[in-house]
Amino acid sequence: MYGAQLISAMRRRHAGIEFFGAGGDKMRAAGCDTVVDAKDLSVVGITEILSHLPRIWGLFHQLIAAADKRKPDLAIVIDSPAFNWRVARQMKRRGIPVVYYVCPQFWAWRQGRVRLLRQYVDKALVIFPFEEKFYRERGVDATFVGHPLADLARPAISRAAYAAEYNLDTDRAWITVMPGSRRNEVRMNLPVILESVAKLGSSYQFLLPVAPTLDRSFLKSLLRSRDIHLVPQALPALANSRAGIIASGTATVEAAMMGTPFVMVYRVSTFTYSLGRRTVKVPHFAMVNLIAGKEIVPEMVQHDFTPENVVGRLHEIIADGPARDRMIGGLSDVKTRLRQADGTDLDPADRASEAIFNLLDRPGRG
């Protein structure tokens, strides 16, 4: 999604520019020749990734071979640090300038890896306000361009129209559940979410937006006969829901942008958690809490992620009252912070585009 936004913004400035690389449906629709499909790189975790390494290694070399053949003027890598810092290193060795858009969260863990950005990246474009200072203090040329989701408009579809389209009951409150965008995330998170759904009961209807990186058939096989409505897009579901059960990640920012109260959940393998937890350097897991500098949404991670905890915290924010009002106010503040970049009317993708063309225009860059 971020790549598609950036491609569109860059083409507004330079209509003839061409793109190729790793991406998904939205980047293809924006005009990128996707040499590697993002679905094939969609794995998270330490133990979880091991069985996928041979395939990912092959795709990596496929991408580098395409770059050697096409000889790009610039490489833009987006998120996915384990894969992309290696891409950046190969591009740098070939004399190709590198921009990192949506930088790795090295401020959260493995801070020593900032050296990789210093070595292989010419420009870092960060999407959280505290990141610019963190990276600049460590010798990285970083600029905060704003979060790509901060300017998302609330979907225009009414609750009644949405209900008619997806056969929903307007007399019941809706809860959006988002177990993750990768198969192994869904396998870890969805079972407890389903137990929570069962405890919440028939007073609610549950919507599950199908992430672009997942197959509908895969989700149906896990849901079996559960009364959960699969819907194609996250934002209309979130905007029309009373609350959400959201796995840690970009979806939590989407919920914040829609002003939908939610609880954050997440689980990985015991081995991954035991290794990773010791290296985490931040007080919160949920991105909205990190941006706010305090807990706005409840975090239920690993052993705290139980149906009882999810249901208990959800009941606090579903009902009208001070707890719900506080969360809505906190989410609104997060949205404001994510939009504050340079004081101009440019959206984040346009700011990123401007920074990229400024890099290309530097003497000796062509």
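Residues numbered from 1 in each chain as written. Predicted model: local features only at pLDDT ≥ 70, side-chain atom pairs only at ≥ 80, totals over all residues. Heavy atoms only, no water.

(A) Structural context of the environment of Leu 125. As for its position among the elements, Leu 125 is in strand S5 (residues 123-126). When the C-alpha positions of Leu 125 and Gly 146 are compared, they lie 9.0 Å apart, and in sequence the two are 21 residues distant. In this structure, Leu 125 is in contact with Val 99, Tyr 100, Tyr 101, Val 102, Cys 103, Thr 143, Val 145, Ala 352, Ala 355 and Ile 356, ignoring residues within four places of it in sequence. (Helix = DSSP H or I, 4+ residues; strand = E, 2+ residues; numbered from the N terminus. Contact = heavy atoms within 4.5 Å.)

(B) Structural context of helix H4 (residues 81-93). Here H4 is 13 residues long and its end C-alpha atoms lie 18 Å apart, about the 18 Å a rise of 1.5 Å per residue gives. Looking at the buried positions of H4, the neighbouring elements they touch are helix H3 (53-70), strand S3 (75-78), strand S4 (98-101) and helix H5 (114-120). Gly 95 lies just past H4 and shows a positive phi near 80 degrees. (Expected span 1.5 Å × (residues − 1).)

(C) Looking closely at the packing of helix H8 (residues 183-200) against helix H9 (residues 216-223). Contact geometry of H8 with H9 gives a least axis separation of 11 Å together with a crossing angle of 35 degrees. Read as a crossing pair, H8 and H9 show a hand that is right-handed. The residues of H9 that touch H8, namely those facing Arg 183, Val 186, Arg 187, Leu 190 and Leu 194, are Phe 218, Leu 219, Leu 222 and Leu 223. Looking at the contact of H8 with H9, its residues break down into seven nonpolar, no polar and two charged. (Axes fitted to C-alpha atoms, helices over the stretch in contact; angles between N-to-C directions. Left-handed = near helix turned anticlockwise from the far one by under 90°. Nonpolar A, V, L, I, M, F, W, Y, C, P; charged D, E, K, R; others polar.)

(D) Structural context of the pairing of strand S1 (residues 19-23). Note: S1 against strand S2 (residues 32-37), five bridges, orientation parallel. Residue pairing for S2: Gly 23 is matched across the bridge by Asp 37. At this point the chain moves from S1, through helix H2 (residues 25-30), to the parallel S2, and the crossover so formed is right-handed. (Pairing = 2+ DSSP bridges. Right-handed = clockwise from strand over helix to strand, strands pointing away.)

(E) The pattern of salt bridges, seen in detail. Inspection of the entire model under this criterion finds 18 salt bridges. Here Arg 12 makes a salt bridge to Asp 350, at a shortest N to O gap of 2.9 Å. Here Asp 350 lies in helix H16 (residues 348-360) and Arg 12 lies in helix H1 (residues 2-13), a separation of 338 residues in the sequence. Assessed through its relative accessible area of 54%, Arg 12 is described here as exposed. Note on Asp 350: relative accessible area 18%, which makes it buried. Residues joined by salt bridges that share partners form a network here, namely Lys 123, Glu 132, Arg 136 and Asp 141. (Salt bridge = Lys/Arg side-chain N within 4 Å of Asp/Glu carboxyl O. Buried < 20%, exposed > 50% of the residue type's maximum accessible area, 1.4 Å probe, protein only.)

(F) Spatial organisation of the packing of aromatic side chains. By the definition in use, this model includes eight aromatic pairs. Ring centres 6.2 Å apart and planes at 15 degrees place the aromatic pair Trp 85 and Tyr 120 in the stacked group. Here the residue Trp 85 occupies a position in helix H4, and Tyr 120 occupies one in helix H5, the gap between them amounting to 35 residues. A relative accessible area of 11% places Trp 85 in the buried class. With centroids separated by 4.9 Å and ring planes inclined at 55 degrees, the aromatic side chains of Tyr 162 and Tyr 166 adopt a geometry described as tilted. With Tyr 162 and Tyr 166 both in helix H7 (residues 159-166), this residue pair falls four residues apart, about one helical turn. (Phe/Tyr/Trp six-rings, centres within 6.5 Å; stacked < 30°, edge-to-face > 60°.)

(G) Structural view of the nonpolar core. One finds Tyr 101, Ile 175, Ile 245 and Leu 314 to be the most contacted residues of the largest nonpolar core, which totals 88 residues. At seven residues, H8 tops the list of elements feeding residues into this core. Setting aside anything within four residues of it in sequence, one finds Ile 245 in contact with Ile 175, Thr 176, Val 177, Met 178, Ile 193, Leu 200, Val 263, Val 265, Val 310 and Leu 314. Of all hydrophobic cores here, the second largest spans 31 residues; its members include Ala 88, Cys 103, Phe 106 and Phe 134. (Core = buried A, V, L, I, M, F, W, Y, C linked by side-chain atoms within 4.5 Å.)

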